[in-house]
Amino acid sequence: MKNLTINILALFIPFFGIAQQTTISGKVQDHATKEALAYVTVTVQNSKSKTIATGVTDDHGLFNLEATLTDASTILFTYTGYQNHSQSLIFSEKQKIDLEIIDLVTDAVQLKAVEINGQKPNISLKLDKKVFEVGKDVLSQNGSAHDVLNGVPSVAVDPSGTISLRGNSNVLVLINGRQSGLTQSNALDQIAADQIERIEVITNPSSRYDAAGSAGIINIILKKNKKSGFSGQVRLVGGSPNDSRLNPSLNYKSNKINLFSNFSIRSSDYVGLYTTDQVTNSTTTPNYMHRVQNEDRHDDGKLLYMGADYFINEHQTITAAFLKNATHDNDKTDLRYQYDSDLGNNMPDSLLTRHGKSLEKRDYSQLEFNYTRTFKQKEKKWTIDVQYDWWNSDKKWDLSTQRLVPDAMVYPSIRTSSVGNSKDFLAKTDFIQPIDSLYTLEFGIKTEIRTVSSDYLAEQQQDTNWVVYQNIDNDLNYDETITGAYTQFSSKINRFSYMLGLRTEFTNISIKDVENAYNDQKNYNKLFPTVNLSYKFDEAALQLNYSKRIKRPSLYALYPFNEVTDLNAQYIGNPDLNPSYTDAFEMAFLKTWKTFTLNPSVYYQYEKGFIQDYTYRQDDIFLTTPINIDYEIRSGIELSTLYNPLKWLQLNAEMNYYHFKQKGNYMEENLDYSSKNFTARVSTQIKLPAKFSFQGRYNFRGEKRNAQTTSKALQSIDFGFSKLLLKDKATIVFDVSNAFNLRQYKSVTTGTDYVVRDNSIPNAARYRLSFVYRFNLTDSKAIRQAKEANRD
């Protein structure tokens with residue numbers, strides 16, 4: 001591996017040239033609050049105003065550039081909402097220049113000028129992460145977190161809310177750098193896009209992060225105020241099908257305190273159409289079933305996020321916040337089943353209909369606390385995070401079934417009740433200790449305790465009484481404790497830097513029902529090493545990463561009891577499911593020109609105990625359950641580009657091609673399989689006259705296969721317009737998602753004696769119009785997250 005890395009670096013060195021380098025470092029902060037400023041653009045120019053080095057500050061406001069200084073040079077600091085700052089760099093033979101603290105001063109005039117004359121790109125490609133700026137993306141302003149994620153490079157969200165990264169659903173989703181109940185059970189759809197500042201995609205995390213998620217980490221950063229004094233905005237959204245939203249925010253900031261609040265009220269309708277064509281006993285006497293399901297879903301939601309930062313002094317900050325999300329869903333579904341033994345008959349053998357009505361209430365609350373201590377020594381930092389969240393849910397289904405052919409008949413009604421609640425406590429502390437200017441040691445510990453209870457009951461009507469249906473009366477308790485610790489060491493030698501880390505996690509899981517008829521204990525203890533190597537060229541960089549990661553089965557995947565909504569198909573959990581472990585390797589390259597950014601990467605993943613769904617027949621019902629197979633090997637290449645040929649035009653393109661090989665068997669069926677897949681996304685953003693903007697996006701996912709199921713190719717088109725109004729204090733946005741209803745999910749599942757063809761259109765084309773008004777702001781970007789330096 002060492003020789004391979006040296007050879008790779010040797011290939012690139014002749015193209016970029018190496019001369020005597022000077023390292024320029026420092027920290028950028030807000031002049032008034034002394035808060036570290038992340039993502040400040042830092043540029044070094046020579047006496048002819050030619051850029052010789054560029055970069056951005058990290059989450060701690062720190063920057064570290066290398067440049068060849070041959071004469072008097074200038075360093076520039078630019079950041080939206082702040083006055084530009086520049087100062088001279090005196091040429092000398094020194095290899096290191098420490099500028100120490102750089103203070104930036106807020107400037108409302110500058111903020112307005114940036115909005116009018118040019119925008120920061122909505123997608124920033126960095127070597128260790130991709131950053132998606134929500135406030136600059138027309139298509140993400142009216143919808144939910146799912147709409148935002150569907151526009152993020154390499155990320156996709158399917159109709160059930162499952163999030164995948166590079167085609168792999170084993171991804172860890174964080175909110176403000178922490179795990180949250182809002183990332184479970186499709187709850188991200190409750191978060192308004194307007195309350196998200198940016199999305200960070202980390203494909204190969206260091207040991208600082210939890211080891212969960214072999215595909216990587218997606219970090220959703222919520223907005224919080226950064227502007228002094230009172231500020232805020234109000235957004236109104238209306239759509240068809242119904243999508244009504246009211247999103248006000250109010251903030252106040254002074255030298256000692258920062259108060260922030262976001263509120264959202266939502267009422268949304270979703271129209272879905274699902275069809276199934278099924279053939280059983282296909283090798284003997286075939287039987288046919290055609291199913292049509294019409295779905296009408298209505299969701300009402302309220303979300304509140306509020307809190308405060310208190311700046312004790314220059315080096316100490318306390319952050320406390322509260323988040324509450326409450327939803328009330330009212331769903332209706334109509335199913336029609338037609339059974340035939342001969343498709344040539346004019347009259348079906350049997351025709352059944354089922355009507356279902358569901359009412360569900362969910363209530364999620366979260367308290368978070370953070371203490372951050374910085375020191376005079378740059379980069380030295382100590383943080384403490386405590387989080388407690390709890391949720392309650394209550395879902396009821398009423399099902400009525402009748403037969404129309406051959407003889408009319410009304411079946412007994414069925415009703416189900418699912419009541420659940422959860423309590424989750426998290427505490428962690430991290431410490432960063434620079435040993436000297438080149439070496440840094442970091443370590444931390446974390447514990448998370450989660451308790452979940454779920455009471456599921458199915459009943460059937462008999463005369464005037466209700467009796468338990470199919471023995472489904474389950475009261476399950478789930479307890480999970482995860483304790484972890486990590487350490488990592490980093491250093492830099494001229495252009496070469498490295499970070500070596502080791503994380504350990506101890507997991508204890510207990511699943512049992514109240515009557516103790518079912519009781520299972522699981523313990524996972526594992527070491528997770530990480531290696532991050534990088535080499536910087538002039539305006540380019542190369543990185544090689546390795547990490548070991550884990551995918552723990554979710555409670556939904558372990559839950560051993562099934563629902564009964566569908567007559568023909570059911571999903572049941574697998575309590576014997578084990579975690580899978582992944583060894584992930586990745587090499588990435590980043591090159592930036594004046595108007596073009598190129599970011600190719602190649603990756604290889606070996607996942608032992610790979611988890612996938614398996615479908616089988618039992619008593620004429622199709623059951624789907626998650627299983628472990630021996631392994632999956634996945635290798636691929638990803639390419640992301642960003643092109644700004646003109647001030648008013650931005651083009652973004654990405655593609656991901658991978659090959660996978662799976663090996664395993666289940667129920668004496670051989671599941672060995674290999675295939676390939678291709679995904680692509682192309683988007684454009686155009687700044688039009690009269691302060692209009694246009695954005696269009698085309699998404700493509702190639703055909704996907706495993707041993708049982710083939711998912712057909714998928715494509716979709718989204719586009720939108722926006723216009724600034726009222727001296728840039730207001731914006732109006734019109735957007736269309738899933739234009740022309742192209743987003744249809746088609747699949748074919750084949751078994752020993754059956755073939756099932758499904759076509760799903762979970763959401764019809766949606767049209768939305770929004771109006772936002774800002775006070776004491778000219779750019780919604782100024783409402784942003786609290787103390788991003790506190791977030792990992």
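One numbering rule holds for all chains: residues counted from 1, following each sequence as written. It should be noted that, the model being predicted, local features are given only for residues of pLDDT at least 70 and side-chain atom pairs only at 80 or more, the latter also being counted only at that level, while totals for whole chains, interfaces and linings use all residues. Note that water and hydrogens are dropped before the side-chain values are worked out from all heavy atoms of the structure.

Draft legend 1. Main features of the overall build of the protein. When helices and strands are tallied, the protein shows four helices and 46 strands. When the 792 residues of the protein are sorted by exposure, 53% land in the buried category. Put simply, 66% of the contacts in the protein that link residues at least 6 apart link residues at least 24 apart. Surface exposure of the protein reaches about 34,000 Å², of which carbon and sulfur atoms provide 56%. In this description a helix means any DSSP run of H or I spanning at least four residues, a strand means any run of E spanning at least two, and both kinds are numbered starting from the N terminus. For every residue, the accessible area obtained with a 1.4 Å probe (protein chains only) is divided by the maximum for its type, and the residue is called buried under 20%, exposed over 50%, and partly exposed between those limits. Contacts between residues were defined by any pair of non-hydrogen atoms, one from each residue, lying within 4.5 Å. Every accessible area reported is derived by Shrake-Rupley at a probe size of 1.4 Å, with residue values counting cover from the shown protein chains alone.

Draft legend 2. Fine view of a negative patch on the surface. Only residues whose relative accessible area exceeds 30% and that form no salt bridge are eligible for patches; like-charged ones are grouped when within 9 Å, while nonpolar side chains (Val, Leu, Ile, Met, Phe, Trp, Tyr) are grouped when within 5 Å. Definition used for salt bridges: Asp or Glu carboxyl oxygen within 4 Å of a side-chain nitrogen of Lys or Arg. For this count, His and the chain ends are skipped, Lys and Arg are scored as positive, and Asp and Glu as negative. For this purpose, a charge sits on NZ of Lys, CZ of Arg, CG of Asp or CD of Glu. A cluster of acidic residues, D455, D473, D475 and E515, forms a negative patch on the protein surface. As for its position among the elements, E515 is in the loop between strand 26 (496-513) and strand 27 (519-537). In this structure E515 comes out as exposed when scored by relative accessible area, which is 71%.

Draft legend 3. The sheet that holds strand 32 (residues 611-618), seen in detail. In this analysis, strands are considered paired if DSSP registers two or more bridges between them. Across the sheet, three strands lie side by side as 29-33-32; this open sheet has mixed pairing. Because the sheet does not close on itself, it has two edges, and the strands there are strand 29 (569-571) and strand 32. Across the sheet, the mean angle separating the axes of adjacent strands is 30 degrees when strand polarity is ignored. Of the pairings in the sheet, the one linking strand 32 to strand 33 (residues 621-628) comprises eight bridges and is antiparallel in character. For T615, the partnering residue across the bridge sits in strand 33 and is T624. Here an axis means a line fitted to C-alpha atoms, over the contact stretch when the element is a helix, while the angle between two N-to-C directions is reported on a 0 to 180 degree scale.

Draft legend 4. Representation of the sheet that holds strand 1 (residues 22-30) in the model. As summarised here, the arrangement of the three strands in space is 4-1-7, forming an open sheet in which the pairing is mixed. Looking at which strands have only one partner, the edges of the open sheet turn out to be strand 4 (62-67) and strand 7 (96-104). Ignoring strand direction, the axes of neighbouring strands in this sheet form an average angle of 20 degrees. Looking at chain direction, strand 1 and strand 4 are connected through six bridges and run antiparallel. The residue bridging T23 from the neighbouring strand is E66, located in strand 4.

Draft legend 5. Spotlight on the packing of aromatic side chains. Ring pairs are drawn from Phe, Tyr and Trp, using the six-membered ring of Trp, whenever the two centres fall within 6.5 Å, and their geometry is named by plane angle: stacked under 30 degrees, edge-to-face over 60, tilted for the rest. A full pass over the atoms with the stated rule returns 24 aromatic pairs. Here the aromatic residues Y439, F489, F496 and Y498 are joined through ring pairs into a cluster of three or more. Counting as a charge over the ring demands two things of the Lys NZ or Arg CZ atom: a distance within 6 Å of the ring centre and an angle within 35 degrees of the ring normal. R415 extends its terminal NZ or CZ atom over the ring of W466, reaching a point 4.1 Å from the ring centre. Of note, K526 hangs over the ring of Y581, and the distance from its end group to the ring centre comes to 4.9 Å.

Draft legend 6. Quick look at the environment of L335. Within the fold, L335 resides in strand 19 (residues 316-340). When its relative accessible area of 4% is taken as the criterion, L335 is described as buried. When the C-alpha atoms of L335 and L567 are compared, they prove to be 9.2 Å apart, with 232 residues separating the residues in sequence. Setting aside anything within four residues of it in sequence, one finds L335 in contact with R291, V292, Q293, L352, T353, R354 and D566.

Draft legend 7. Seen up close, the nonpolar core. Core analysis: the largest hydrophobic core is formed by 29 residues, its most contacted members being I163, L188, I196 and I199. Among buried residues, the Ala, Val, Leu, Ile, Met, Phe, Trp, Tyr and Cys ones that are joined through side-chain atoms within 4.5 Å form a nonpolar core. Core analysis: the second largest hydrophobic core is formed by 26 residues, I414, I550, A557 and Y559 among them.

Draft legend 8. Quick peek at the pairing of strand 14 (residues 216-222). Among the seven residues of strand 14, seven are classified as buried, and the element is accordingly described as predominantly covered. Side chains of strand 14 alternate between two faces, with G216, I218, I220 and L222 and I217, N219 and I221 buried alike. As paired elements, strand 12 (residues 171-175) and strand 14 share five bridges and run parallel to each other. Counted as the bridge partner of L174 is N219 from strand 14.

Draft legend 9. View of the environment of I101. Looking at where I101 falls in the secondary structure, it is placed in strand 7. By relative accessible area, which is 39% here, I101 ends up partly exposed. Separated by 72 residues in sequence, I101 and Q29 place their C-alpha atoms 7.3 Å apart. Ignoring sequence-local partners within four residues, the contact set of I101 consists of K27 and Q29.

Draft legend 10. Fine view of the environment of M306. Mapped onto the elements of the fold, M306 is located in strand 18 (residues 287-313). Since its relative accessible area comes to 38%, M306 is described here as partly exposed. A C-alpha to C-alpha distance of 5.6 Å links M306 and A321, two positions 15 residues apart in sequence.

Draft legend 11. Examining the pattern of salt bridges more closely. Tallied over the full model, the rule gives 33 salt bridges. Where D210 meets K446, a salt bridge forms, and the shortest distance between an N and an O atom there is 2.5 Å. One end of the pair, D210, is in the loop between strand 13 (196-202) and strand 14; the other, K446, is in strand 24 (residues 439-462), and 236 residues separate them in sequence. The same class applies to D210 as to K446, namely buried. Here D718 ties to R697 by a salt bridge, and the two come within 3.6 Å at their closest N and O atoms. Taken together, the positions of D718 in strand 42 (residues 714-725) and R697 in strand 39 (residues 692-701) put the pair 21 residues apart, joining distant regions of the chain. Each member of the pair D718 and R697 is classed as buried. Because the salt bridges share partners, they merge into one network encompassing D210, K446, R503, E505 and R552.

Draft legend 12. Layout of the confidence of the model for the protein. Per-residue confidence from the predictor is reported as pLDDT, a score between 0 and 100. For the protein, per-residue confidence averages 84 on the pLDDT scale, and 89% of positions sit at 70 or higher. Low pLDDT, under 50, characterises residues 4-19; the stretch is placed with 22 contacts to residues that sit more than four places away or in other chains. Taken as a whole, residues 108-121 scores under 50 in pLDDT and shows 31 contacts with residues more than four places along the chain or in a different chain.

Draft legend 13. Highlighting the side chain of K446. Take K446: its relative accessible area is 12%, and that puts it in the buried class. Polar contacts, as counted here, are pairs of nitrogen or oxygen atoms within 3.5 Å of one another; within protein the pair requires one atom able to donate a hydrogen and one able to accept it, and residues that are adjacent in sequence qualify only if both atoms are side-chain atoms. There is a polar contact of 2.5 Å between the side chain of K446 and the side chain of D210. Excluding residues within four positions of it along the chain, K446 makes contact with Q179, D210, L426, A427, K428, I482, T483, G484 and R503.

Draft legend 14. Structural detail: the pairing of strand 12. In terms of burial, strand 12 is a largely internal element, five of the five residues being buried. Neither face of strand 12 is open: one carries V171, V173 and I175, the other L172 and L174, and all of them are buried.

Draft legend 15. Main features of unusual backbone geometry. Residue P241 is reached from S240 by a cis peptide bond, and omega for that bond is -5 degrees. Of note, P241 is situated in the loop between strand 15 (229-240) and strand 16 (243-253). The peptide bond linking V405 to P406 adopts the cis configuration, its omega dihedral lying at 5 degrees. Summarising the element assignment, P406 is placed in the loop between strand 21 (381-405) and strand 22 (409-410). If you check the backbone angles, K691 has positive phi at about 60 degrees while not being a glycine.

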